[in-house]
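# Examination of the molecular architecture
Spelled out from the first residue to the last, the chains are:
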Amino acid sequence: MHITPDMMEAAYRLLLTTLPFRRWGLPDPDNIDFIVSMHRDRHAHCRPYKHQPGRYEIAVSAYKVKTIALLIECIAHEIVHVEQDKRGMRDSHGKGFKRLALTVCRRHNWDIEAF
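A brief report on the enclosed structure follows. Source: prediction; values computed, not measured.

## A short note on the nonpolar core
Ranked by size, the top nonpolar core spans 32 residues in total, and within it Ile58, Ile75 and Phe115 carry the most contacts. At the level of secondary structure, the elements contributing two or more residues to this core comprise helix H1 (5–16), strand S1 (32–37), strand S2 (44–48), strand S3 (56–61), helix H2 (68–86) and helix H3 (95–108). At eight residues, H2 tops the list of elements feeding residues into this core. For Ile75, the contacting residues outside a window of four places in its chain are Met8, Ala11, Tyr12, Leu15, Ile58 and Val60.

## So, the sheet that holds S1
The strand order across the open sheet formed by three strands is S1-S3-S2, and the pairing between neighbours is mixed. Among the strands making up the open sheet, the edge pair consists of S1 and S2. Each adjacent strand pair in this sheet contributes to an overall mean axis angle of 15°, direction not counted. For S2 and S3, the ladder comprises five bridges, and the chain directions are antiparallel.

## Here's the deal with the side chain of Glu83
Secondary-structure assignment places Glu83 in helix H2. On the basis of relative accessible area, Glu83 is assigned to the buried category, the value being 3%. Sequence-distant contacts of Glu83, defined by excluding residues within four places in its chain, comprise Trp24, Leu26 and Leu100.

Reading the values: the criteria
Residues numbered from 1 in each chain as written. Predicted model: local features only at pLDDT ≥ 70, side-chain atom pairs only at ≥ 80, totals over all residues. Heavy atoms only, no water. Core = buried A, V, L, I, M, F, W, Y, C linked by side-chain atoms within 4.5 Å. Buried < 20%, exposed > 50% of the residue type's maximum accessible area, 1.4 Å probe, protein only. Helix = DSSP H or I, 4+ residues; strand = E, 2+ residues; numbered from the N terminus. Contact = heavy atoms within 4.5 Å. Pairing = 2+ DSSP bridges. Axes fitted to C-alpha atoms, helices over the stretch in contact; angles between N-to-C directions.

This is the structure we're talking about:
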């Protein structure tokens, strides 16, 4: 599969229509830069733009992510980081992340350990 920024944005838009995401008041996709990377050390990452509050970069590794299902799950994982940033949570993959991720995984029937 060849990941494109348009596919990433489509996955983001799809997830915004589902719970719990649709209740979180997440940024419009126009405020997110979707980037395809070739990182070998991670599936994806999310970075807030420090000088542009409410704007983010979400990158997904074409090297690591080879299926639509994994792409959607990776975007969901990064959305949790967006929500953490909105809430001022600075624990990356700590308790706050795990609490939000558990809600997401239960709703979407994903394995929390893999998420």
